[in-house]
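If you want the building blocks of each chain, they are given just below.
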Amino acid sequence: MSKSIETKAADNIRILAAAMVEKAKSGHPGGAMGGADFINILYTEFLNYDPSDMTWINRDRFFLDPGHMSPMLYGVLSLAGKYSMEDLANFRQWGSVTPGHPEVDVERGVENTSGPLGQGHAMAIGAAVAERFLVERFGNWMEHKIYTFISDGGVQEEISQGAGRIAGFLGLSNLIMFYDSNDIQLSTSTGDVTKEDTAKKYEAWGWKVVTIEGNNSDQIRKALINAKAETEKPTLIIGKTIMGKGAVTETGESYEGKCETHGMPLTNAGASFANSIVNLGGDAENPFQIFTEVKDLYAKREAQLTEAAAAKKAEQAKWEAANPELAQKLEKFFSKNSPEFDFSSIQQKENTATRGASATVLGAFAESVENMIVASADLSNSDKTDGFLKKTTAFKKGDFSGAFLQAGVSELTMACMANGMALHGGVIPACATFFVFSDYMKPAMRMSALMGLPVKYIWTHDAFRVGEDGPTHQPVEQEAQIRLMEKLKNHKGKNSALVVRPADGNETTVAWKMALENTTTPSALILSRQNITNLPVEGDVYEAALRAEKGAYIVKECEGTPDIVLLASGSEVATLVEGAALLEEKDNLKIQIVSVPSEGVFRNQTNEYQASVLPVGVPRFGMTAGLPVNLEGLVGENGKVWGMESFGYSAPYTVLDEKFGFTAENVYNQVKEILA
């Protein structure tokens, strides 16, 4: 019996997937072979995009969660003409466009970098929120679908709890997720680790759930048709698929459903690569081929897509002609430029907490940066993102007229959704929580940095001065961890993240300026809970604070060569100012004080500028409420850093300042010791 064209196309993807892994001598063929039927039907019948304009803003998006199934994605995209057979043959090799786990490459159809399980589908949910936000503002002509593909591992990752809850709560009917349920994972069968009823779990969250044979094209098609028609809920299609579908042994016996095919080439897994390729209809000697009938199928689909995209673009052009102001706004939303904003107009209160200063800026953003979406992990009244929320409304099912996401207690999910919003485009995502809980978000921030996404991270309660809440809520090592991202370069040779810890309210305004204008990497603002005395400034406070844009600058100069340079970021700069006053009063010392909100930015300045701020040969003293390593690279071997050497304790922050030595008196004593 001859194969249907759907089966032949899926088998073609299976052959290419197995061949990629075999040639690379590493990778994951089994899942890709099992998921081929779904991905083929999706791309040949449902996913809408413009083959000649892959960055078209109104395209459907497909987000892959299990990045190890990259051979499946590269396989189907090669049938669609986006990868060559040579590209596939160079899978996992140096300099190839087919890395082991997909890295965002929209021109070739890869919408997201994936690898850490669970993050990809949470990104899809963020993209679905962005789509609803934009449709609310520009009209139904912008409607498109967000598809995502998840595996057993992604469902097991804890992030699926937050992602499933939020998608169901918001009724994201534009989201369609295929769950590749093959009962096999890397080291065991799923039955060895779980017995949950996944369908009931998602139904409880408010999803529409259907279970099908995941290798049956007719059932896949029917499920997708129904999912597209759904208007109230996100859809989960549980596809019971076969791991390593089509794999056979040397004697021709089936080798399907084996754990071994999950994470190694078929040959290493106990199957016969050559026999499996032949079993699927391919040429074992030359597996990197596209069947003629399959080529015709995808060519026909390309023509359909081109025609459909032209019709939708014509509809958009008609809308633009009738709504020129909205059309101009839409263009600005999707441009790579930062929005225009007059930061000099911000008036900060004297001696305020930097989280409060951030609230002032966010309040102004809510009125003028129309495509910003702010999220908070159940802390909006404490991380002060309520400065934004008070001038808008939170998202709810059927109403995306506001611009705030109440994410609930799910920091990692929130951050991954922000990544998805940024990947979708058209919006500026920001997300907030306490700095100590950045620990929950680090995997997502790493992905922001890897993909070059301009997500804004707002982290408040920046040090032990959280006080009575005690060591569980007092960050110590967190700043050192995040500042590593300043030192780590991305693949474009730039700092992979911007990290700014402002020293007062006016520096906070400038920190937000730096973050908003940074459109190529994530930005992190580290903000205080307690009030901070303003830095001593003569003249315009905003103009003075603009010096922070160089990453470090001189807050207080002295005549001639200083006896010592004092440096810090955040709250500690004000403590240095107090200590310097004692040193000048008691010992007539010449002191230069430096604020270092971002070492990463400072390191990018000219050598001449760096030497003017930190003159060579002059002793230095640094103070940080984090680990001493935060400043050791700037202080050098001939100086000293006063920092934290233990977790915090529960007590009022003024008591902790005294106990930990973050006082003017200790600055005085430490400097005297250095100079002695």
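A quick note: this is a predicted structure, and the numbers were derived from the prediction, not measured.

This part is about the overall build of the protein chain. Helix and strand counts for the protein chain stand at 26 helices and 16 strands. Compactness check: the protein chain gives a C-alpha radius of gyration of 28 Å against a globular reference of 26 Å for 676 residues, within 12% of the reference. Its C-alpha atoms put the protein chain at 100 × 60 × 45 Å along the principal axes. Taken across its 676 residues, the protein chain has 61% of its residues classed as buried. If you take every contact in the protein chain between residues at least 6 apart in sequence, the share linking residues at least 24 apart comes to 77%. Summed over all atoms, the accessible surface of the protein chain reaches about 26,300 Å², with 49% contributed by carbon and sulfur. Of the charged side chains in the protein chain, 63 are positive and 86 negative; the average position of the first set lies 3 Å away from that of the second.

Running from N to C, helix α5 (residues 119-138) and helix α13 (residues 324-334) cross one another at 160 degrees; their axes reach a closest spacing of 11 Å. With respect to their mutual orientation, α5 and α13 come out roughly antiparallel. The hand of the α5/α13 crossing is right-handed. Residues Leu134, Arg137 and Phe138 of α5 form the contact with α13, whose own contacting residues are Leu326, Lys329, Leu330, Phe333 and Phe334. Its residues placed into classes, the contact of α5 with α13 shows six nonpolar, no polar and two charged.

In this section: the pattern of salt bridges. Under the counting rule described, the total for this entry stands at 34 salt bridges. With a shortest N-O distance of 2.7 Å, Glu111 and Arg59 are connected by a salt bridge. Highlighted residues: Glu111 in the loop between α4 (85-89) and α5 and Arg59 in the loop between α2 (29-46) and β1 (61-64), separated in sequence by 52 residues. Assessed through its relative accessible area of 6%, Glu111 is described here as buried.

This brings us to the packing of α2 against helix α3 (residues 70-79). The geometry of α2 relative to α3 is characterised by a closest axis approach of 9 Å and an angle of 35 degrees between their N-to-C directions. Of the two elements, α2 crosses α3, and the hand of that crossing is right-handed. Across from Ala32, Gly35, Ala36, Ile39 and Tyr43 in α2, the residues of α3 making contact are Pro71, Met72, Leu73, Val76 and Leu77. Partitioning the contact of α2 with α3 into residue classes produces nine nonpolar, one polar and no charged.

Strand order across the open sheet formed by six strands is β7-β6-β8-β9-β11-β10, with parallel pairing between neighbours. One side of each edge strand has no neighbouring strand; the edge strands of this open sheet are β7 (404-406) and β10 (498-500). Averaged over all pairs of adjacent strands, the angle between their axes in this sheet comes to 15 degrees, without regard to strand direction. Pairing between β10 and strand β11 (residues 523-526): three bridges, direction parallel.

Right, let's get into the side chain of Thr575. In this fold, Thr575 is placed in helix α21 (residues 572-587). Residue classification places Thr575 among the buried positions, given a relative accessible area of 10%. Every residue in contact with Thr575, bar those within four places of it in the chain, is listed here: Met623, Phe662, Thr663, Ala664 and Val667.

Another aspect to go through is helix α16 (residues 411-424). The end-to-end C-alpha distance of α16 is 20 Å, a good match for the 20 Å that 14 residues give at a rise of 1.5 Å each. Taken across its 14 residues, α16 has 13 buried, putting it largely inside the fold. Looking at the residues trailing α16, positive phi occurs at Gly425, about 90 degrees.

Note on placement: Gly171 falls in the loop between α7 (159-170) and β3 (175-181). On the basis of relative accessibility, which here comes to 12%, the residue Gly171 falls in the buried class. Residues contacting Gly171, with those up to four places away along its chain left out, are Glu232, Pro234 and Lys397.

Think of a sheet as strands paired side by side through backbone hydrogen bonds, with each pair either parallel or antiparallel. Taken in spatial order, the five strands make up an open sheet running β1-β2-β3-β5-β4, and their pairing is parallel. Only two strands of the sheet have a single neighbouring strand rather than two, namely β1 and β4 (208-213). Taken over all neighbouring pairs, the strand axes of this sheet differ in orientation by 20 degrees on average, direction set aside. The pairing of β1 with strand β2 (residues 146-151) spans four bridges and is classified as parallel. Within β2, the position partnered with Phe63 by the bridge is Thr148. Against the sheet, α5 contacts β1, β2 and β3, and its axis sits at roughly 165 degrees relative to β2.

Counting residues in each nonpolar core, the largest one holds 152 residues, and the members touching the most others are Phe365, Met372, Tyr457, Trp512 and Leu566. Here this core takes twelve residues from α5, the largest share from any one element. Discounting residues that sit within four places of it in the chain, Trp512 has contacts with Phe343, Ser358, Val361, Leu362, Phe365, Met372, Lys456, Ile458 and Leu525. Formed by 60 residues, the second largest nonpolar core is a distinct cluster that contains Ala18, Phe46, Met72 and Leu266.

A few words now on helix α9 (residues 217-229). Given a rise of 1.5 Å per residue, 13 residues ought to cover 18 Å, and the 18 Å separating the end C-alpha atoms of α9 matches this to within 8%. Those residues of α9 lying buried are Ser217, Ile220, Arg221, Ala223, Leu224 and Ala227. In a view along the axis of α9, the buried residues occupy a sector of 165 degrees, so they form one face of it. With respect to the buried face of α9, the exposed residues turned more than 90 degrees away are Asp218, Lys222 and Ala229. Between the side-chain oxygen at the start of α9 and the backbone nitrogen of Asp218 there is a gap of 3.0 Å, and the oxygen is on Asn216.

Cut-offs applied
Residues numbered from 1 in each chain as written. Predicted model: local features only at pLDDT ≥ 70, side-chain atom pairs only at ≥ 80, totals over all residues. Heavy atoms only, no water. Helix = DSSP H or I, 4+ residues; strand = E, 2+ residues; numbered from the N terminus. Rg over C-alpha atoms; globule rule 2.2 N^0.38 Å. Buried < 20%, exposed > 50% of the residue type's maximum accessible area, 1.4 Å probe, protein only. Contact = heavy atoms within 4.5 Å. Areas by Shrake-Rupley, 256 points an atom, 1.4 Å probe, with all protein chains shown as cover. Lys, Arg positive; Asp, Glu negative; His and termini not counted. Charge placed at Lys NZ, Arg CZ, Asp CG, Glu CD. Axes fitted to C-alpha atoms, helices over the stretch in contact; angles between N-to-C directions. Parallel < 35°, antiparallel > 145°, perpendicular 65-115°, else oblique. Left-handed = near helix turned anticlockwise from the far one by under 90°. Nonpolar A, V, L, I, M, F, W, Y, C, P; charged D, E, K, R; others polar. Salt bridge = Lys/Arg side-chain N within 4 Å of Asp/Glu carboxyl O. Pairing = 2+ DSSP bridges. Expected span 1.5 Å × (residues − 1). Core = buried A, V, L, I, M, F, W, Y, C linked by side-chain atoms within 4.5 Å. Arc of directions from axis to C-beta. Polar contact = N/O pair within 3.5 Å; in protein donor to acceptor, adjacent residues only side chain to side chain.

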